[in-house]
Every structure is written in C-alpha cells, then in structure tokens.
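Now for the letters of each chain:
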Amino acid sequence: MTHPSPHHNSPAEERLTVVVVGAGPAGLTVGNILRAADVDCVVLETESRQFIETRPRAGVIEEWAVRGLRQRGLGDGLAARAQVHSECEFRFGGDRFRFDYTELTDHHHYVYPQPLLVTDLVREYADVRGGDIRFGVRDVALHDLETDRPAVSYLDPATGERHVLRCAFVAGCDGARGVTRDAIPQGRVHIARQDYGIAWLALLAEAPPSSDCVVFGVHPNGFAGHMARSPEVTRYYLQCPPGDDPENWSHDRVWDELRERLGAAGAPPLTEGRLIEKRVLDMHDYVVEPMAFGRLFLAGDAGHLTAPIAAKGMNLALHDAFLLGDALAAHSVKGDDTGLEGYSHACLRRVWDYQEFSRFLSGIYHGTASGDPFRAGTSLARLRRLFTSRAAATAFAEQYLGAAAAY
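Residues numbered from 1 in each chain as written. Predicted model: local features only at pLDDT ≥ 70, side-chain atom pairs only at ≥ 80, totals over all residues. Heavy atoms only, no water.

An unreviewed UniProt entry lists the chain under the name 4-hydroxybenzoate 3-monooxygenase, with Streptomyces sp. 900105755 as the source organism.

Given below as structure tokens:
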C-alpha cells in the first residue's frame, strides 16, 4: 500500500531523479545504466553487501542477455569466467538423450552464478562508477506515486532517523517479497497467478559436477535436475510435495533419489558431496499488468515471477532492466519518453512468452510422476518428439535459449 506523503520540509529530505529499490540483478543493472548516463540515482537495499553477493540463486544466462550486459560495459567478469554450454541431456526410460541446441540454433547458454554477477554489478556501480547504494535500510515506504514528484522513505538502522528521497521516478526492483508492488493501490493493476501444485527441493552440493552439461531426469518418482555451478559445487533439484519440510530429506535420502531419478544406461555415477543448501520451492507464477503505476516502474520479480522450471527468472530481470534503464536515461538526457510509455508492453511480451514455455516444460518434467497414466503417456510422447523431429527440436531449442522471443 502507498503511504501518506512525508512532510515536504523534512530536514532529511533529499532530491534526485531516480530511486531504485532493490539491489538484485535488475536494480543494479538499472543503476549502472543511469550512472553511465550521468543520471543521479540512489539504490536502496535491505540486506548487506555481503549477503547479496553470496546468496545462492540462478546461474543460467541467455546469450542475448550476455550481449546486452557487454553492450553496457557490464559483462567483463562474465566473459572471463562464465562457462559456455551448447548441449543438455534428458534421461528417461533408463536411457540418455543428448540435446545439442547450439547445432540446431547456432546459440548457446552461459552458466554464471547470480552471486558472481551481482558482485560484478555492485563493484561496477559503487566502486568504479561511484554510485550511491545504501545497504541495510529498514521500513522502506513509497509515497505520492500519482504525482510528478513521488518519494521513497526508509529508516536508517544506525540512527533510527527516517530519510526521505524525493524523486522523479521509482524503479521497483525489490523482488517477490518487496514493498514496491504492494504500494500500488488495489484494483489499479491486474495480477494473474498460476500454481503448479508441485515443489522442488533445491540443493547445493559441495561436489564437482557429474556431467559436462545440464541434466534433466524425467522419472515416475518425480523430476530431478543437475546443473553445474562451479568446478566444486553442483546445483541439484528434486521434485517433492508442496510445503514439504527440507528436514524430511536426509543426506542418504537425497542421494538415493538423485541416483534413482538421474540413472540411465551408460551414465557416469554421481559424485556425492556434503549438502550445503536445502530449500523447498513451491512452483508458482504471477504476472503484474501493467508493470507501471504513475511514476513507479516494476522490474524483475517485483513485476513477474517465473518458477525456475525453465531458468528464465534472471534473464527476464535483465531484460526489464535494459529496457527500464535505457528508457529512464533517454527521458533524463534527451527528454524522450517513448521507452517509458512502451515499457510495460515491451516487457510483458517476453514475460508471457517465457511463462508459456515454463508451463509447457512443466508438462514434460512432471507428467510422468503425476499418477495419471494418460498425462504420463502424452508427456513422454512430447519428450520423444524432440529426438525424432528436427522441426520440433529446433522450436524447443529456440524457446529454451530465448532465441525466439522478440527484444
């Protein structure tokens, strides 16, 4: 909900052009674009710098997103350290099926864990470009969104003083649990939601990857996934009931299920290691339409949540940030409002495309374990088609890589 306007003569009030709420990939990318254009801005973040640079998150970045980062001078670390992936592997029915999406599309994926990207973006924004970023702020609130001078206020935890930032625009990049989306009055935007009725147990293992590519296991016990994060750490997923308790999954139970669901003829054994993270992720999506209200523009998970089924979340956040950062810079530097006026429409076109693919992919991943023989049979038919029809395989590869979406 929006809050009453702070007193305009507050001694703590500051004036600037843009306040960015949230220092994830979207917020930091917007901030960097604005700094490069000499647009005055502040980034507010409730967590510490150490926290955002180390929290485990996504790791797959699409080729167009890497190109966009490089064009804005933000891709040097990624170019030097990211892994380039050109294939993935499906395992079902006791067999392995290699899927060479680069051969089909001439595009590839990068694997670069989100904490590394965030570290790069924070360093560039704060240390190189001298950007103002305030960590550990509390009780962030938005005010006067329907006026031409909205405000964002927060409590300084060191002094207990409330600071007020009076600005021209607010970039809401504070994720699914942030305050910016909730600041929009009820009924002024529409939120479409979907619940898949399943969950994934997200695991990080202190163990080298057991394959040179991403592996998807489609099994009657449930989906399993294997994704390299570094030479020493591997991300695994196991389908589980919604609301399951991670403590129900002992070390032995996890590795027994991973071996069962990822097992296939000729597959190398999994390299077992200590589990350093166990979280249950209930699979659901939402989309906010429009992604703007007054002088507030939403980006990333504040505007849409995509379940990690298709590894699209960080890519969508970057897409939003490119559009929003460029649009705010164009308004401030050139007086050009075209990008801001078309921002929501341009974002949502890709958002809905990725949501549709995530739903399609969920049918493949989870149908076999649904308990419905008809759904299981059609899911496997869909999967087998990828390896018997080049046209079907190419269409799938383009969606998997984000190569078919308009930018």
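Picking up after the structure, the text goes on.
Participant: Give me the pattern of salt bridges: which residues, what numbers.
Facilitator: One pass over the full model with this rule turns up 26 salt bridges. A salt bridge links Glu 89 to Arg 96; its shortest N-O distance comes to 3.0 Å. Between Arg 98 and Glu 89 there is a salt bridge whose closest N-O contact spans 3.0 Å. Look at Arg 98 and you get partly exposed, because its relative accessible area is 32%. One continuous salt-bridge network, built from bridges that share partners, spans Glu 87, Glu 89, Arg 91, Arg 96, Arg 98 and Asp 212. (Salt bridge = Lys/Arg side-chain N within 4 Å of Asp/Glu carboxyl O. Buried < 20%, exposed > 50% of the residue type's maximum accessible area, 1.4 Å probe, protein only.)

Participant: How would you summarise the packing of aromatic side chains if you had to cite specific residues and measurements?
Facilitator: As enumerated under the stated definition, the model contains 23 aromatic pairs in all. Ring geometry for Tyr 236 and Trp 255: centres 5.4 Å apart, planes at 75°, overall edge-to-face. Of this pair, Tyr 236 sits in strand β17 (residues 234–240) while Trp 255 sits in helix α7 (residues 251–261), placing them 19 residues apart in sequence. Judged on exposure class, the residue Tyr 236 and its partner Trp 255 are both buried. Between the aromatic rings of Phe 297 and Tyr 343, the centroid separation amounts to 5.8 Å while the plane-to-plane angle is 80°, which identifies the pairing as edge-to-face. Taken together, the residues span a long stretch of sequence, with Phe 297 in strand β20 (residues 296–298) and Tyr 343 in helix α10 (residues 343–366) at a distance of 46 residues. We note Arg 72 situated over the ring of Phe 322; from NZ or CZ to the ring centre the distance is 4.2 Å. Positioned above the aromatic ring of Tyr 354, the side-chain terminus of Lys 312 is 4.2 Å from the ring centre. (Phe/Tyr/Trp six-rings, centres within 6.5 Å; stacked < 30°, edge-to-face > 60°. Helix = DSSP H or I, 4+ residues; strand = E, 2+ residues; numbered from the N terminus. Lys NZ or Arg CZ within 6 Å of the ring centre and 35° of its normal.)

Participant: Account for empty space enclosed by the protein, with residues named and values stated.
Facilitator: Per the stated rule, a full pass over the model turns up one cavity of 30 Å³ or more. For the largest cavity, the calculated volume is near 30 Å³. If you go around the largest cavity, the residues you meet are Arg 91, Ser 210, Ser 211, Val 215, His 226, Leu 262, Pro 268 and Leu 270. Of the residues in the lining of the largest cavity, the class split is four nonpolar, three polar and one charged. (1 Å grid on protein atoms, 1.4 Å probe; cavity = no way out; pocket = protein on both sides within 12 Å on 5 of 7 lines; lining within 4 Å. Points joined across faces, edges and corners; volume = space filled by probe spheres on them. Nonpolar A, V, L, I, M, F, W, Y, C, P; charged D, E, K, R; others polar.)

Participant: Give me the sheet that holds strand β2 (residues 18–21): which residues, what numbers.
Facilitator: Across the sheet, six strands lie side by side as β9-β3-β2-β13-β20-β19; this open sheet has mixed pairing. Since the sheet does not close on itself, it has two edges, and those belong to β9 (132–134) and β19 (292–293), each with one partner. In this structure, β2 lies alongside strand β13 (residues 169–172), joined through four bridges in parallel fashion. Note on β13: the bridge partner recorded for Val 19 is Val 170. (Pairing = 2+ DSSP bridges.)

Participant: With reference to specific residues and values, describe the nonpolar core.
Facilitator: Ranked by internal contacts, the top residues of the largest apolar core, which has 75 residues, are Ile 61 and Leu 324. The greatest single-element share of this core, amounting to nine residues, is contributed by helix α8 (residues 313–334). Residue contacts for Ile 61: discarding those within four places in its chain leaves Val 66, Leu 78, His 109, Tyr 110, Tyr 112, Leu 117, Met 314, Asn 315 and Leu 318. (Core = buried A, V, L, I, M, F, W, Y, C linked by side-chain atoms within 4.5 Å. Contact = heavy atoms within 4.5 Å.)

Participant: Go over the sheet that holds strand β12 (residues 162–166) with me, naming the residues and quoting the values.
Facilitator: Whether parallel or antiparallel, the strands of a sheet pair through hydrogen bonds between backbone atoms. With mixed pairing, four strands are arranged side by side in an open sheet as β1-β12-β11-β10. Edge strands, defined here as strands with exactly one partner in the open sheet, are β1 (13–15) and β10 (138–143). Adjacent strand axes in the sheet meet at a mean angle of 20°, parallel and antiparallel pairs treated alike. (Axes fitted to C-alpha atoms, helices over the stretch in contact; angles between N-to-C directions.)

Participant: Requested: an account of the packing of α10 against helix α12 (residues 390–401), with residues and values cited.
Facilitator: Close contact between α10 and α12 brings their axes to 10 Å; oriented N to C, the two are set at 120°. If you check the angle between α10 and α12, you find them oblique. By crossing handedness, the relation of α10 to α12 is classed as left-handed. For the pair α10 and α12, contact is made by Glu 356, Phe 357, Phe 360, Leu 361 and Ile 364 and by Phe 396, Gln 399 and Tyr 400, respectively. Split into classes, the residues belonging to the contact of α10 with α12 amount to six nonpolar, one polar and one charged. (Parallel < 35°, antiparallel > 145°, perpendicular 65-115°, else oblique. Left-handed = near helix turned anticlockwise from the far one by under 90°.)

Participant: Before we move on, can you summarise the UniProt feature "domain: FAD-binding" (unreviewed entry) in the chain with the specific residues and values?
Facilitator: Here the UniProt feature "domain: FAD-binding" (unreviewed entry) sits at residues 16–357. Within the segment residues 16–357, helix and strand shares are 31% and 32% respectively, and the terminal C-alpha atoms sit 40 Å apart. (UniProt positions renumbered as here; feature names shortened; annotations may be inferred.)

Participant: I'd like to hear about the pairing of strand β15 (residues 214–217), residue by residue, with values.
Facilitator: By the alternation rule, side chains of β15 split into Val 214 and Phe 216 and Val 215 and Gly 217, which are all buried. Inspection of the sheet shows β15 paired to strand β16 (residues 224–228) by three bridges, in the antiparallel sense. Across the sheet, Val 215 pairs through a bridge with His 226, a residue of β16. Between β15 and β16, which pair antiparallel in sequence order, lie six residues; one of them, Gly 222, sits at a positive phi of approximately 130°.

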